[in-house]
Amino acid sequence: MSERENIFTRIREALSVEAHAHHGAGLPSTSDHRRVMPPVGLTMDERFALFAKNASDLRATFKLVKDAVELTAELRALRDTEKWQRVATHKSPLAQTHAIGLGLPTLVTDAGYDKHELEQCDVGISECDALVAQTGTIVVTSQTGGGRALSCLPPHHVVIARREQLVADLPAAFAFIRQKHDANYPSMISFITGPSRTGDIERILVLGAHGPKKLTILCL
Amino acid sequence: MSTPATQFNEDARRVAPDLRHRGIIQTAMGKYEVVRDQRKLWFQDWQGARNLAARTKFEAVNHLDQHLDQFARLLESRGTKVHWASNAQQGRDIILGILREKGAKVIVKSKAMTSEEIHLNNAMEHAGYEVVESDLGEFIVQLRQEPPYHLVFPAMHLTRGEIRQTFQEKLNDAPSDEPEDLTMVARRVMRQKYLQADVGITGANFCIAETGMISITENEGNARLTAALPKTMITLVGIEKVLPRLEDLALFLPMLAVMGTGQALTCYNTMYGGPRQPGEADGPEEYHVVLLDNHRTALLADAEQRDALGCIRCGACLNVCPIFRNVGGHTYGTVYGGPIGSVITPHLRGLTQWKHLSEASSLCGACTETCPVKIDLHHHLLQNRRNASQQKPSWWQKLVFKIFAPIANQPGLWSLTTKFGRFGMKLRGLVNGTVLDPAHSWTKTRDLPPMAKQSFKEWWKEQK
Ligand code: SF4
């Protein structure tokens, strides 16, 4: 017998005896989840306000921008204050054009790249799949966010999002992923909630443990 | 010879009166308690959430065969190699086999309690590989050659000064004892390792049956990089970690964060469903998932304690446990410490050797009350005590109860005994504090309160 079969035999034998404790049968539904989970507000405005508050508590920067012109201006200001030398981005209508517009050497990750080169970039500019109001989270995937490392290796991650990408809560975010990718899920889906952090030394918060020290979300 | 029980007693005796240790733990836990409680209030109905989480885990664990099968099939259908390990030895052999085949030299790891469980690092280092733990806390304890102190905070017992000293000795790089500076030292060291590493090894917090994905919860981004840069990725995970549906994460991710660290959601919650897929920019060429039994099926077979397999390793029961806070994480001598460790270790490693852990409890029930998936922890400790005494009754316990039972059953005899007791207490005054005191082993570390002058019954009679 293979080890797989051995394990399944043991599992089935074990389960032939019914459990003593019982916590109620049947899986909870999404509406069950929503009844107990943190509230998110009813209107879009409330939810944007919630997202903004969560982002600032998490020490991320969140800005609503009017149009492409304002977006360009924001990015240029960041480029100048942080003295960016190299940027990384991925093939995408919003992120790529704006990254290239910065006039700096630009690494586009889609077709594969040298990891040393990505490590040298000052910023990774990507798009995302969704923004989650409930927790101030952005959802990026390996298909739609330039791979696995773009949003994690450079010291600053800039996300360019659109207003309509805001979803209310985590159940909605998962429902959205299911609907968008079903059956062809990206090999990585990451819920990013604030810049990288650690509290491993005396429980004192330090940003930028391994991932980016800074997270900026610019929302059109 | 030192058995786990004598080692526990010795270490507990040393750590419990250590005021410095106590101070460090109290400060850390104090900070945790404040944020955890705020976050619980953030939920509309925290108790309701616990009920739903317990229900979901009940379904998952009691249909483990179906979920596990679906999980493995879906992973395989997208190019992942799934391995099955019945025990620790098999787990190590599978992983060493992959490393050999890949000609690996440098291996980066993100936090995985399963790898501690099967002593993977030892095995890999022994076979000549360079292994680097990337989680900051794990990195620190690895440098110090210590086991992790706590499920969630591996280095919580250390001060920044001690960490600085460790960095100075081992890395020759410790600019100050500011947590910020120390973290940046680790970041710099790890960056180089990430770029060199051939293989990345991770654990997993959840396995999603319905979509064939694992989910990793972390704050630092170290697991993200471990899963992104090396050419081969390996995930070692226990078979019990399944959740039926993707949407279940909507509940479990925030609950794990609230109870684990007091956050709303940890910084990165990432699902992986295979190696790099066509059209993706990066990611490992090969992805291996090693599913580990290692006595989990024995716990599954215990219908009474099966719910303990629902544990999400949040560490909350450790944090509230008066025993854990007094004796510290290392005293347990186990991979999984605190109440949950005391419950499952006898199942994983043998009741006879590990039954003392169920005695290391005041049965206060704080663990059961806090557990987000409602594992009946303190009753399981009682059940382990019962099982241990059924398996191998101790003669002196039997003797004590043989004498005690008839006395307690006869009121006359009982009141006579208490009278003797009171007289004995007076005599004890003569030897108090010396080794002649029959209650010496109790009074070494505690007071023995004097018995009341009269019993309730005598007092009642007087009042009439
Ligand atoms: S037993 Fe419960 S409280 Fe303890 S670590 Fe597991 S899930 Fe958390």
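Below is a summary of the structure that appears in this document. (Residues numbered from 1 in each chain as written. Chains lettered and ligands numbered in written order. Predicted model: local features only at pLDDT ≥ 70, side-chain atom pairs only at ≥ 80, totals over all residues. Heavy atoms only, no water.)

### Looking at the overall build of chain A
Part 1 of the argument: Per the secondary structure count, chain A includes seven helices and 12 strands.
Part 2 of the argument: Each principal axis of the C-alpha atoms in chain A carries an extent, and together these give about 65 × 50 × 45 Å.
Part 3 of the argument: Within chain A, contacts between residues separated by at least 24 positions form 70% of all contacts whose residues are at least 6 apart in sequence.
Part 4 of the argument: Surface summary for chain A: the accessible area is close to 8,900 Å², and the carbon and sulfur share equals 54%. (Helix = DSSP H or I, 4+ residues; strand = E, 2+ residues; numbered from the N terminus. Contact = heavy atoms within 4.5 Å. Areas by Shrake-Rupley, 256 points an atom, 1.4 Å probe, with all protein chains shown as cover.)

### Focus: the sheet that holds strand β3 (residues 106-108) of chain A
Sheets are built from strands that pair by backbone hydrogen bonding, the pairs being arranged parallel or antiparallel.
Residues and elements named next belong to chain A.
Part 1 of the argument: Reading across the sheet, the six strands line up as β1-β12-β7-β4-β2-β3 and stay open at both edges, with parallel pairing between neighbours. The strands lining the two open edges of the sheet, one partner per strand, are β1 (61-64) and β3. Strand-to-strand, the axes of this sheet are offset by a mean angle of 20°, without reference to chain direction.
Part 2 of the argument: Across the sheet, helix α3 (residues 44-57) touches β1 and β12 (214-219), and the angle it forms with β1 is around 150°.
Part 3 of the argument: Packing against the sheet, helix α4 (residues 68-82) makes contact with β1, β4 (123-127), β7 (156-161) and β12, and its axis sits at approximately 175° to β7. (Pairing = 2+ DSSP bridges. Axes fitted to C-alpha atoms, helices over the stretch in contact; angles between N-to-C directions.)

### Structural notes on the packing of aromatic side chains
All names here are of chain B.
Part 1 of the argument: Taken as a whole and judged by the stated rule, the model has 15 aromatic pairs over all chains.
Part 2 of the argument: A centroid spacing of 5.7 Å and a plane angle of 85° characterise the contact between W42 and F43, whose relative ring orientation is edge-to-face. For the pair shown, W42 and F43 are each scored as buried.
Part 3 of the argument: Both rings, one in F456 and one in W460, keep their centres 6.0 Å apart while their planes meet at 25°; by these two values the pair is stacked. (Phe/Tyr/Trp six-rings, centres within 6.5 Å; stacked < 30°, edge-to-face > 60°. Buried < 20%, exposed > 50% of the residue type's maximum accessible area, 1.4 Å probe, protein only.)

### Things to note about the site of the ligand
Part 1 of the argument: The ligand sits among 13 residues. The nearest are C311(B), C314(B), G315(B), C317(B) and C371(B).
Part 2 of the argument: Residue composition of the shell around the ligand, grouped by class: 11 nonpolar, one polar and one charged. (Near = heavy atom within 4 Å. Nonpolar A, V, L, I, M, F, W, Y, C, P; charged D, E, K, R; others polar.)

### Some words on the side chain of E138(B)
Part 1 of the argument: Positionally, E138(B) belongs in helix α8 (residues 136-143).
Part 2 of the argument: Not counting chain neighbours up to four residues away, the residues in contact with E138(B) comprise K111(B), E116(B), E133(B), P148(B) and P154(B).

### Quick notes on the interface of chain A and chain B
Part 1 of the argument: Taken together, the contact pairs 85 residues of chain A with 104 residues of chain B.
Part 2 of the argument: In total, about 8,300 Å² of surface goes out of reach between chain A and chain B, with carbon and sulfur atoms giving 59% of it.
Part 3 of the argument: Of all residues in chain A, the largest losses of buried area upon contact with chain B belong to R148(A), R203(A) and H210(A), amounting jointly to 11% of the total for that side.
Part 4 of the argument: Where chain A touches chain B, the interface holds nine salt bridges.
Part 5 of the argument: When the shortest N-O distance is used, the salt bridge between R10(A) and D293(B) registers 2.8 Å.
Part 6 of the argument: In this structure, the connection of chain A to chain B is made through 52 residue pairs in polar contact (both at pLDDT 80 or more).
Part 7 of the argument: The set of elements that each furnish at least two residues to the side of chain A that touches chain B consists of α1 (3-15), α2 (30-36), α6 (115-120), α7 (170-181), β9 (188-192), β10 (197-198) and β11 (206-207) of chain A.
Part 8 of the argument: A per-element tally of the side of chain A that touches chain B places α1(A) first, with 10 residues.
Part 9 of the argument: Of the residues assigned to the side of chain A that touches chain B, the class counts are 38 nonpolar, 29 polar and 18 charged.
Part 10 of the argument: With five bridges connecting them, β9(A) and strand β9 (residues 268-272) of chain B associate as antiparallel partners. In the sheet register, I192(A) faces β9(B), and the bridge partner there is Y268(B). (Buried area = accessible area lost by both parts, 1.4 Å probe. Salt bridge = Lys/Arg side-chain N within 4 Å of Asp/Glu carboxyl O. Polar contact = N/O pair within 3.5 Å; in protein donor to acceptor, adjacent residues only side chain to side chain.)

### Concerning the packing of helix α9 (residues 160-171) of chain B against helix α10 (residues 179-196) of chain B
Residue and element names in this part refer to chain B.
Part 1 of the argument: At a minimum axis separation of 10 Å, α9 and α10 run at an interaxial angle of 30°. When the axes of α9 and α10 are compared, the crossing they make is left-handed. Residues R160, I163, R164, F167 and L171 of α9 touch α10, and the partners they reach there are P179, L182, V185, A186 and V189.
Part 2 of the argument: Classifying every residue of the contact of α9 with α10 gives eight nonpolar, no polar and two charged. (Left-handed = near helix turned anticlockwise from the far one by under 90°.)

### Some thoughts on the pairing of β9(B)
Residues and elements named next belong to chain B.
Part 1 of the argument: With respect to burial, β9 is a largely interior element, five of its five residues being buried.
Part 2 of the argument: Side chains Y268, T270 and Y272 of β9 all project onto a buried face; the interleaved residues N269 and M271 project onto the opposite face, where all are buried too.
Part 3 of the argument: Here strand β6 (residues 213-218) pairs with β9 via five bridges, running antiparallel. Bridging across to β9, I214 finds its partner in Y272.

### Digging into unusual backbone geometry
Part 1 of the argument: Within the chain, K83(A) stands out as a residue other than glycine whose phi angle is a positive 55°.
Part 2 of the argument: Within the secondary structure, K83(A) sits in the loop between α4 and β2 (87-89).
Part 3 of the argument: Here N172(B), not a glycine, exhibits a phi torsion of approximately 55°, which is positive.

### Topic: the environment of T443(B)
Residue and element names in this part refer to chain B.
Part 1 of the argument: Topologically, T443 is positioned in helix α23 (residues 440-443).
Part 2 of the argument: Taking relative accessible area as the criterion, T443 reaches 17% and is therefore assigned buried.
Part 3 of the argument: Residues T443 and N432 lie 11 residues apart in sequence; the distance between their C-alpha atoms is 8.6 Å.
Part 4 of the argument: For T443, the contacting residues outside a window of four places in its chain are R428, D437 and L448.

### Examining the sheet that holds strand β7 (residues 232-238) of chain B
Residues and elements named next belong to chain B.
Part 1 of the argument: The strand order β1-β10-β7-β4-β2-β3 describes an open sheet built from six strands, whose pairing is parallel. In this open sheet, the two strands that pair with only one neighbour each are β1 (81-85) and β3 (130-133). Within the sheet, the average angular offset between the axes of one strand and its neighbour, ignoring direction, is 20°.
Part 2 of the argument: Across four bridges, strand β2 (residues 106-109) lies against β3 in parallel orientation. Opposite K109, over in β3, you have E133 as the bridge partner.
Part 3 of the argument: Running at roughly 145° to β1, helix α4 (residues 64-77) makes contact with β1 and β10 (286-292) of the sheet.
Part 4 of the argument: Relative to the sheet, α10 contacts β2 and β3, its axis offset from that of β2 by approximately 120°.

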